[in-house]
Every structure is written in structure tokens, then in C-alpha cells.
Amino acid sequence: MNGRSTERLVRLLMDGERTGAVGEAETLVGSGITREEIVSCGLEVAMKGLESKCTLEEFNLLEIMIAGRAVMDVIKFLYPAGTNLPSTKGTVVIATPEGDVHDLGKNILRFVLVADGYRLVDCGCDCPVATLADTADEEGARAVCVSGLITSVIPVVRQIRGSLAARGLDGVGIIAGGAALKQAAPEDLDVDFVCDSAFDAANWLDATGEGGA
Ligand code: B12
């Protein structure tokens, strides 16, 4: 896809123009650009552009939150709730691990997997490992997905397999993603698969049928 096609959307998102951004997304969809392209060339690029305003040195909460709200509006437009999508492929539990409050990527993942036919149980952000494992147990999950944006959560992610095993859930797949985790190898995080984008998780789950619940 021509990267320039999503330029206006990126600008509107960075400016936090909610209505304009949703309108632009609608125009892009109308011109044949896929949801996947809008996520990767629009939403991700816009948040990447705000990176300099969200470091340990400089932290502009208001600007980032306003842009985040516009991103959520576009996500809801792309993946409308209640569109009666069949959830035939099993249950997946998702969370951002304890210590991390970033949830925009996790929310995209939720919509992508729902659109692909999975039943999603969202444990939210800053989620303790025990809560994630208990939920996987109660909901009969075939996989858990964790989204990590800050590197300090890596030790938390490494606890997930043990916590699942303690509940007899050795067959439940563990998928990791998000900026802080996607650079790591699966064996470093003790997970089954590390994803670049939300769409990789859907492909991996479809290909493996992991857990089979
Ligand atoms: C927005 C943002 C915030 C917002 C979060 C709002 C929200 N509701 O999420 C707010 C303002 C709250 C915030 C807070 C902080 N932030 Co911040 N934040 C960002 C920023 C600018 C964008 C992140 C984002 O939303 N990206 C867009 C989404 C869509 O992308 P994504 O998460 O990568 O998701 C995509 C894929 O990765 C994938 N994916 C994501 N998760 C998963 C999971 C699975 C299983 C799969 C398959 C796929 C997948 O799917 C998505 C679509 O494809 C980043 C910079 C950056 N470029 O990442 C910094 C960044 C993550 N933040 C950072 C920091 C330092 C902080 C603070 C500590 C700042 C502070 N001084 O307090 C706090 C952290 C508080 C905490 N305990 O968590 C650092 C982390 C550094 C590090 N390596 O540890 C970053 C990298 C900025 C930087 N360069 O320094 N932040």
C-alpha cells in the first residue's frame, strides 16, 4: 500500500481529532484500504509519532491520552461491537501484565481476534499473573495473550507458564506481543510464540489449534 494514503489519518490521530479521524478511516475503508493496513500504517504510526512525548524524561500525559482516545474511536469503527461475529474457535484470555498500564495494543488484539472468530476474555491492564491463570482456568481458554510495553514486565511474563502449570493448564498456549516483548525470543520469555502484530496471533492460533479447548 502507498504509505501516504494514511498520512492524513496519522495527523488527525496525533492531534486527537476523534471525529475527523473516524471520518478519515471511513474514507480509507471506502477506497479499498484494509483494516489491517489502517492499523499498521495509521494507528501504529500515529502512536509511534508520539513516542518522544512519553519517555522517562518527558511525559505529556494529556496529549497522549487525547490521541489514545481517538485511536480507540477508530478501532471501534473498524471492529464494531455487537456485529454478531461467530466465536467458534475457542476462548482466548488477554491482559497487560501487572506493572504495565498500556492497553491500546491489547485492545486492538481483542478486536482482531474477535473478528477472527475467537471468544475473548479481557483481564484488562496491570493484571496479576494469578488472575490471568485463574481466568484461563475458569473460562477453559486455549491460549493466553499478554501485551507488554514496558521492559520491566518481562520477569512477570516469565511467571505465566508456572502459574498455568500449577493449575494443570500445561496445554494452554502463551502468546506475547507489544513493543517490550516482541524483540525477545520465545525461550527468553518462556512463551510459545512472540508476535510482531495482532494479526500474527490470529494466524498462529489458526495454524496451531493450540490446546484445542
Ligand atoms: C501511549 C503511551 C502511553 C500511554 C498509554 C495509554 C494506554 N491506554 O495505553 C500512557 C500515557 C498512560 C503511558 C504511560 C507510561 N509510559 Co508509555 N508509551 C505510550 C506510547 C507513546 C505508545 C504505545 C502505544 O499505545 N502504541 C500503539 C499500539 C497500537 O501499539 P502496540 O502496543 O505495539 O500494539 C500493536 C502490536 O505491538 C501488537 N500487540 C500489542 N500487544 C500485543 C500482544 C499480543 C499477544 C499480540 C499478538 C500482539 C500485540 O498489536 C498492536 C497492533 O498490531 C509508547 C511509545 C511506543 N512507540 O510504543 C510509550 C512507551 C511504551 N511508554 C513508556 C514509558 C516509559 C511510560 C511510563 C513509565 C512513563 C512515565 N514516566 O510514567 C508510563 C508507564 C506506566 C505503567 N506502569 O505502565 C516507554 C517504555 C520504555 C520501556 N522500554 O520500558 C515507551 C516505549 C516510550 C519511550 N520510548 O520511552 N504511555
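Residues numbered from 1 in each chain as written. Predicted model: local features only at pLDDT ≥ 70, side-chain atom pairs only at ≥ 80, totals over all residues. Heavy atoms only, no water.

A.B. asks: So what about the side chain of Glu24? Which residues, and what values?
C.D. replies: Summarising the element assignment, Glu24 is placed in helix α2 (residues 18-30). The exposure class of Glu24 is buried, given its relative accessible area of 11%. Looking at Glu24, its side chain comes within polar contact range of the side chain of Arg8, at 3.0 Å. Residues within four places of Glu24 in sequence aside, it is in contact with Ser5, Arg8, Leu9 and Leu12. (Helix = DSSP H or I, 4+ residues; strand = E, 2+ residues; numbered from the N terminus. Buried < 20%, exposed > 50% of the residue type's maximum accessible area, 1.4 Å probe, protein only. Polar contact = N/O pair within 3.5 Å; in protein donor to acceptor, adjacent residues only side chain to side chain. Contact = heavy atoms within 4.5 Å.)

A.B. asks: Tell me what's going on with the domain arrangement of the protein chain, and back it up with residues and numbers.
C.D. replies: We note that the domain assignment places domain 1 (3-78) and domain 2 (91-208) within the protein chain. Of note, the centres of domain 1 and domain 2, computed from C-alpha atoms alone, are 24 Å apart. With nine residues of domain 1 at the contact, the number on the domain 2 side is six residues. Summing both partners gives a buried area of about 750 Å² for domain 1 against domain 2, and 85% of it is carried by carbon and sulfur. Considering only the surface of domain 1 that becomes buried against domain 2, Val39, Met72 and Ile75 emerge as the three largest contributors, covering 48% of it. Summed over the shared surface of domain 1 and domain 2, the result is zero salt bridges. (Domains from an automatic or database assignment. Buried area = accessible area lost by both parts, 1.4 Å probe. Salt bridge = Lys/Arg side-chain N within 4 Å of Asp/Glu carboxyl O.)

A.B. asks: Quick one: what's the story with helix α3 (residues 35-49), residue by residue and with numbers?
C.D. replies: An ideal rise of 1.5 Å per residue puts 21 Å on 15 residues; α3 measures up with 20 Å between its terminal C-alpha atoms. Taken together, the buried positions of α3 are Ile38, Val39, Gly42, Leu43 and Ala46. The buried residues of α3 occupy an angular sector of 120 degrees when projected down its axis, which confines them to one face. Those residues of α3 that are buried are in contact with α1 (7-14), α2, α4 (61-78), α5 (104-115) and α10 (198-208). (Expected span 1.5 Å × (residues − 1). Arc of directions from axis to C-beta.)

A.B. asks: Lay out the environment of Ala21 in plain terms, naming residues and giving numbers.
C.D. replies: Turning to its location among the elements, Ala21 is positioned in helix α2. Ala21 sits ten residues away from Arg11 along the chain, and the two C-alpha atoms are 8.6 Å apart. Other than its neighbours up to four places away in sequence, Ala21 contacts Leu9, Leu12, Leu13 and Val74.

A.B. asks: Tell me about the packing of aromatic side chains, residues and numbers included.
C.D. replies: As enumerated under the stated definition, the model contains one aromatic pair in all. Aromatic pair Phe193 and Trp204: ring centres 5.3 Å apart, planes at 10 degrees, arrangement stacked. Pair noted here: Phe193 is in strand β5 (residues 193-194) and Trp204 is in helix α10, with a separation of eleven residues, a long-range link. What makes Phe193 partly exposed here is its relative accessible area of 24%. Assessed through its relative accessible area of 14%, Trp204 is described here as buried. (Phe/Tyr/Trp six-rings, centres within 6.5 Å; stacked < 30°, edge-to-face > 60°.)

A.B. asks: Can you lay out the pattern of salt bridges for me, pointing to particular residues and giving the numbers?
C.D. replies: For the coordinates displayed, the defined rule picks out nine salt bridges. With a closest N to O distance of 2.7 Å, Arg167 and Asp134 form a salt bridge. Pair noted here: Arg167 is in the loop between α8 (160-165) and β4 (173-177) and Asp134 is in helix α6 (residues 129-139), with a separation of 33 residues, a long-range link. Of the charged contacts, one joins Asp192 and Arg161 as a salt bridge, the two residues approaching to 3.3 Å between their closest N and O atoms. Within this pair, whereas Asp192 is found in the loop between α9 (186-189) and β5, its partner Arg161 is found in helix α8, the two being separated by 31 residues in sequence. Judged by relative accessible area, which is 26%, Arg161 ranks as partly exposed. Taken together, the shared-partner salt bridges in this structure form one network comprising Lys106, Arg110 and Asp122.

A.B. asks: Residue-level account of the environment of Ala115, with values.
C.D. replies: Residue placement: Ala115 occurs in helix α5. Sequence spacing of Ala115 and Gly68 is 47 residues, and the spatial spacing of their C-alpha atoms is 21 Å.

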